[in-house]
Amino acid sequence: MSSIYTLNLTALLALNAALFYTRQKAHPTPSTSKPSPKPNPKPQNASPLQSLLTSPLTPFLTVYTLTMTSDWLQGPYLYPLYTSTHLLSPSSLPPLFTTGFLSGAISGSFIGSLADTYGRKKACLAFCLIYALSCLLTIISPSLPVLFLGRVLGGLGTSLLFTVFESFLVSDFKNRGLEGRLGETFGVMSTLNSMVAIASGIGGEWLVAGTGTNKAPFWLAAGVLMVAGGVMKMTWKENYALNEGPDKKRDEEAKEEKSLFKTLSDPKILALGLSTTVFEGSMYLFVFFWAPALQSSSSSSSSSGTSLPYGVIFAAFMASTLASSLIFGKITERLPFGSLLSSLLGVSSLCFFLAASYTSSSQFTFWVFCLFEACVGMYFPTMGFLKGKLIDDGVRSQVYGFLRIPLNVFVVVALLVTGRMESDKAFVGVFRVCSGLLLLAAGGFWGLVVRKSGGDVQVE
């Protein structure tokens, strides 16, 4: 059983190698045979990744890579840490995971406002400290109160990670006059994130094998976060909502409150929020259910009962994400961002429908999941660009935070409902609901945003 998945992973890695080669060939490194009289010439034919890694944006990308490394290091080992190391009963796991999402939902109502008021760099530094503490609380004791506190901090940290970093980047781009490179930059971030996920998965596996404990990735993640905080403190410049600090905030409080609710009531923002909630909520539920879905398909197509190679399968999913991020730039040259998001929602809906309807072939299910992961690889840079264009900078972090509230509530409700299901086919019902909601979100975004703007979001 493992050999076929290894072959699948090899094929996906070969595809990525070919895409990297093609991309490099399209953007060759400038010849050095004729040196330029300028001390630091900018490569005219450099690829997006090359140009961004040698630009003033390097400090941000460095910190982003480190923070995502910390997230990917610990993610795959949270469940085995609880069950194998801390020896928790299965009944105590759903409340722990639910606590994390509830913490994210509650914190989403205020962390954005605090970041806009007191500085987004400070909020990103706070993330490094909070997430590191979450890692330490998760491993130092099997006591449930300590573990619950760790999940509370983990939920708060996750809200910060997916709110203030992106807000800082968009605001910084606007201050530098680099708005035209937002889509390109989000594409590079998606590529880096996929590469980090693959490396962290393999590195984490080696680390656990070498140390003999599931705690090791959490220790390393906490250390990586401290390094990220140090780099951030030395290289980042602070930015605020509307380029204002806390001294001016009080005089603008009423005005910004009105702007916040006006933004949230905009039909375009509502469509964006629905798309965020449904897609990312479905993605989180996919994380919980892809393993039982593949196991069920494997049992239906084989009677051997062989355990699936989950590490290889996870790496294959990340390779699919990486491949889609590598072609993201070419696709956006031909398809507007708004139309692309509607298409991604529609294709994802089809993926969940197929996964729920055809459960007798593990290989069919595997490739359907790879297609969904490819959608994930293009979704995040697309959504990052659209939020950067549609949301006013004065309330950016606040709106980003509020958009995560229904997302976390959606996941909590889904987990509570499915937690009461006794069937090992509970994923079928979950996938069908996700398919219907994704189709609804695709239609809503196309009708409220794409059709009214003539195919794309208009840049003001």
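Note that the structure is a prediction, hence the values are computed from the model and not measured.

## Focus: the overall build of the protein
Argument step 1. On a plain count of helices and strands, the protein comes out with 20 helices and zero strands.
Argument step 2. The contacts of the protein with a sequence gap of at least 6 include a subset with a gap of at least 24, amounting to 85%.

## Describing the packing of helix 10 (residues 182-211) against helix 11 (residues 216-235)
Packed helix pairs are characterised by how far apart their axes lie and by the angle those axes make with each other.
Argument step 1. Relative to each other, helix 10 and helix 11 sit at 125 degrees, their axes nearing to 9 Å. Considering their axes alone, helix 10 and helix 11 lie oblique with respect to each other. Contact residues: helix 10 offers Gly204, Leu207, Val208 and Thr211, while helix 11 offers Ala216, Pro217 and Leu220.
Argument step 2. Residue composition of the contact of helix 10 with helix 11, by class: five nonpolar, two polar and no charged.

## Things to note about unusual backbone geometry
Argument step 1. Of note in this structure, leucine 87 is not a glycine but carries a positive phi near 55 degrees.
Argument step 2. Turning to its location among the elements, leucine 87 is positioned in the loop between helix 4 (78-85) and helix 5 (93-107).
Argument step 3. Residue classification places leucine 87 among the exposed positions, given a relative accessible area of 67%.

## Looking at the pattern of salt bridges
Argument step 1. This model, assessed by the stated rule, comprises five salt bridges.
Argument step 2. One salt bridge connects arginine 334 with glutamate 333, and the closest N-O pair in it is separated by 3.8 Å.

## Observations concerning the packing of helix 3 (residues 58-74) against helix 9 (residues 164-176)
Argument step 1. Relative to each other, helix 3 and helix 9 sit at 170 degrees, their axes nearing to 12 Å. Of the possible angle classes, the one that applies to helix 3 and helix 9 is roughly antiparallel. Across the interface between the two elements, Phe60, Val63 and Thr67 of helix 3 pack against Phe165, Phe168 and Leu169 of helix 9.

## Here's the deal with the packing of aromatic side chains
Argument step 1. For the structure shown, the criterion picks out 30 aromatic pairs.
Argument step 2. Relative to phenylalanine 372, the ring of phenylalanine 352 lies with its centre 4.9 Å away and its plane at 70 degrees, an arrangement referred to as edge-to-face. Taken together, the residues phenylalanine 352 in helix 17 (residues 337-357) and phenylalanine 372 in helix 18 (residues 362-390) connect sequence positions 20 residues apart. Considered together, phenylalanine 352 and phenylalanine 372 belong to a single accessibility category, that of buried residues.
Argument step 3. Between phenylalanine 352 and phenylalanine 431, the aromatic rings sit 5.2 Å apart at their centres with planes inclined by 70 degrees, giving edge-to-face as the arrangement. Here phenylalanine 352 is found in helix 17, whereas its partner phenylalanine 431 is found in helix 20 (residues 426-450), with 79 residues between them in sequence.
Argument step 4. The ring of tyrosine 400 has lysine 387 lying over it, and the distance from NZ or CZ to the ring centre is 4.5 Å.

## Brief notes about the environment of alanine 426
Argument step 1. Considering the arrangement of structural elements, one finds alanine 426 in helix 20.
Argument step 2. Put simply, alanine 426 and phenylalanine 289 are 137 residues apart on the chain and 8.7 Å apart in space, counted from C-alpha to C-alpha.

## Focus: helix 10
Argument step 1. A rise of 1.5 Å per residue sets the reference length of helix 10, with its 30 residues, at 44 Å; its end C-alpha atoms lie 41 Å apart and thus fit the reference within 8%.
Argument step 2. Positive backbone phi, at 75 degrees, marks glycine 212, one or two positions downstream of helix 10.

## Thoughts on the nonpolar core
Argument step 1. If you look at the biggest cluster of nonpolar residues, it comprises 127 residues, and the most contacted ones within it are Phe165, Leu285, Leu294, Phe317, Phe369 and Phe431.
Argument step 2. Here leucine 294 is in contact with Tyr5, Leu308, Ile313, Phe317, Ser362, Thr365, Phe366 and Phe369, once residues within four sequence places are set aside.

## A look at the environment of valine 417
Argument step 1. With respect to the helices and strands, valine 417 occurs in helix 19 (residues 396-418).
Argument step 2. Each C-alpha atom of the pair valine 417 and valine 430 lies 9.6 Å from the other, and the pair is 13 residues apart in sequence.

## Focus on the confidence of the model for the protein
Argument step 1. Scored by pLDDT, the protein comes out at a mean of 82, with 84% of its residues at no less than 70.
Argument step 2. Ranking the helices and strands of the protein by mean pLDDT puts helix 7 (residues 120-140) first, with 95, and helix 12 (residues 246-249) last, with 48.
Argument step 3. Of the regions scoring below 50 in pLDDT, residues 29-44 engages in four contacts with residues more than four places distant in sequence or in other chains.
Argument step 4. Segment residues 245-251 is flagged for pLDDT under 50; beyond a separation of four residues in sequence, or across chains, it makes eight contacts in the model.

Rules and cut-offs
- Residues numbered from 1 in each chain as written.
- Predicted model: local features only at pLDDT ≥ 70, side-chain atom pairs only at ≥ 80, totals over all residues.
- Heavy atoms only, no water.
- Helix = DSSP H or I, 4+ residues; strand = E, 2+ residues; numbered from the N terminus.
- Contact = heavy atoms within 4.5 Å.
- Axes fitted to C-alpha atoms, helices over the stretch in contact; angles between N-to-C directions.
- Parallel < 35°, antiparallel > 145°, perpendicular 65-115°, else oblique.
- Nonpolar A, V, L, I, M, F, W, Y, C, P; charged D, E, K, R; others polar.
- Buried < 20%, exposed > 50% of the residue type's maximum accessible area, 1.4 Å probe, protein only.
- Salt bridge = Lys/Arg side-chain N within 4 Å of Asp/Glu carboxyl O.
- Phe/Tyr/Trp six-rings, centres within 6.5 Å; stacked < 30°, edge-to-face > 60°.
- Lys NZ or Arg CZ within 6 Å of the ring centre and 35° of its normal.
- Expected span 1.5 Å × (residues − 1).
- Core = buried A, V, L, I, M, F, W, Y, C linked by side-chain atoms within 4.5 Å.
- pLDDT = per-residue confidence, 0-100.

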